[in-house]
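# Chain and residue survey
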Amino acid sequence: METYGNYLQANIGDRQVVSGLMTAVTGLAGMIGKILGGLATDRLVVRFGPIWGRRLPGLIAGIVVAAIYVLAPRLPNVWWFVGAMAAISLSIDFSLGAIWASYQDIGGRQVAAVLGCGNMVGSFGAAGFTWLSGRLADRNEWNSVFLLSAGAMLIATVSWLLFDPTGPVAADDEP
């Protein structure tokens, strides 16, 4: 005979499996986005040249992600929300090929320094955003978290319009 405690344990286990699957879906979407973004970046560079070939994946991803962040608080249930987060993961990772290639384009022989600087600035931004998101979440202001995220993506999107991957940050000196 099944007791309430056994029933509760079974439901907790089912919830853990479902939440694990929800998390896995977003990770899988990111993996697909990386592959598609790398392929798209290569093709876009061939078709539109290095400037727009690098810009377009970032512009596309930024606009899509900002729009999803604005819509996320209005979604009807958790499954739509998981789908939205998977779409965000796919879109952001879609732009990574262009980002990494741009680091190489502008870094030249100093690509490690450029990547290090980019990662450091990104880490500072992530740390500050995590702190701010936590503060807003503590006050149950989730809509503000999503709007702040959308705003950050719009700033990143506009930044792509100002970016020129054909200009190295330092001249490559011959040894």
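In case you missed it, the structure is sitting above this.
Notes on the structure in this doc start here.

Reading guide: rules and limits
- Residues numbered from 1 in each chain as written.
- Predicted model: local features only at pLDDT ≥ 70, side-chain atom pairs only at ≥ 80, totals over all residues.
- Heavy atoms only, no water.
- Phe/Tyr/Trp six-rings, centres within 6.5 Å; stacked < 30°, edge-to-face > 60°.
- Helix = DSSP H or I, 4+ residues; strand = E, 2+ residues; numbered from the N terminus.
- Buried < 20%, exposed > 50% of the residue type's maximum accessible area, 1.4 Å probe, protein only.
- Lys NZ or Arg CZ within 6 Å of the ring centre and 35° of its normal.
- Salt bridge = Lys/Arg side-chain N within 4 Å of Asp/Glu carboxyl O.
- Expected span 1.5 Å × (residues − 1).
- Contact = heavy atoms within 4.5 Å.

### Some points on the packing of aromatic side chains
Evaluation of the coordinates by the stated rule reveals three aromatic pairs. Taking the centre distance of 6.3 Å and the plane angle of 40 degrees together, the rings of Y69 and F146 count as tilted. Placement of Y69 in helix α1 (residues 4-71) and of F146 in helix α5 (residues 142-162) is noted, with a sequence separation of 77 residues between them. Residues F81 and F146 carry aromatic rings whose centres are separated by 5.8 Å and whose planes lie at 80 degrees to one another, so their mutual orientation is edge-to-face. Placement of the pair is F81 in helix α2 (residues 78-94) and F146 in helix α5, with a sequence separation of 65 residues. According to the relative accessible area criterion, F146 is buried, its value standing at 11%. One aromatic cluster is present, built from ring pairs that chain together Y69, F81 and F146. Sitting over the ring of W52, R55 keeps its end group 4.9 Å from the ring centre.

### Looking at the pattern of salt bridges
Scanning all chains against the criterion turns up three salt bridges. In this structure, the salt-bridge partner of D93 is K34, at a minimum N-O distance of 2.6 Å. With a gap of 59 residues between them, D93 in helix α2 and K34 in helix α1 connect regions that are remote in the sequence. Exposure remark for K34: the relative accessible area of 38% places this residue in the partly exposed category. R139 serves as the salt-bridge partner of E141, at 3.8 Å between the closest nitrogen and oxygen.

### Looking at helix α4 (residues 111-138)
Each α-helix turn comprises 3.6 residues. Residues three or four places apart therefore point the same way. Compared with an ideal rise of 1.5 Å per residue, which puts 28 residues at 40 Å, α4 spans 40 Å between its outermost C-alpha atoms and is within 8% of the ideal. Taken together, the buried positions of α4 are V114, S133 and L136. Close packing links the buried residues of α4 with α3 (96-107) and α5. Once α4 ends, the next one or two residues include N140, with phi positive near 60 degrees.

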